[in-house]
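Summary of structural features
Listed below, chain by chain, are the residues.
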Amino acid sequence: MNNRELSKFEESVVKGASLAFQRLVKRRKEENGELVFARNGQIFRVKATDL
């Protein structure tokens, strides 16, 4: 795989992950749910409506 192909592949992976996250947030908002994140070893919950 050359650099151009690798760059296109990375771009499509990032776009797919972004789309999946947007769909997840949308679904959680509809369910009035929350999402769980971790940062620096700390786990915290965020209401989807706050995003």
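Everything quoted here is computed from the prediction, not taken from an experiment.

**Digging into the packing of aromatic side chains**
Inspection of the entire model under this criterion finds two aromatic pairs. Residues Phe21 and Phe37 carry aromatic rings whose centres are separated by 6.4 Å and whose planes lie at 55° to one another, so their mutual orientation is tilted. Here Phe21, found in helix H1 (residues 3–30), pairs with Phe37, found in strand E1 (residues 34–39); they are 16 residues apart in sequence, far enough to count as distant. Overall, Phe21 belongs to the partly exposed group, its relative accessible area being 38%. Put simply, the rings of Phe21, Phe37 and Phe44 pair up and form one aromatic cluster.

**What about the pairing of strand E2 (residues 42–47)?**
Summarising the sheet, E1 and E2 pair through six bridges and their orientation is antiparallel. Looking across to E2, one finds that Val36 is bridged to Arg45. From the end of E1 to the start of E2, which pair antiparallel, there are two residues, and Asn40 there has a positive phi angle of about 55°.

So, how was this worked out
Residues numbered from 1 in each chain as written. Predicted model: local features only at pLDDT ≥ 70, side-chain atom pairs only at ≥ 80, totals over all residues. Heavy atoms only, no water. Phe/Tyr/Trp six-rings, centres within 6.5 Å; stacked < 30°, edge-to-face > 60°. Helix = DSSP H or I, 4+ residues; strand = E, 2+ residues; numbered from the N terminus. Buried < 20%, exposed > 50% of the residue type's maximum accessible area, 1.4 Å probe, protein only. Pairing = 2+ DSSP bridges.

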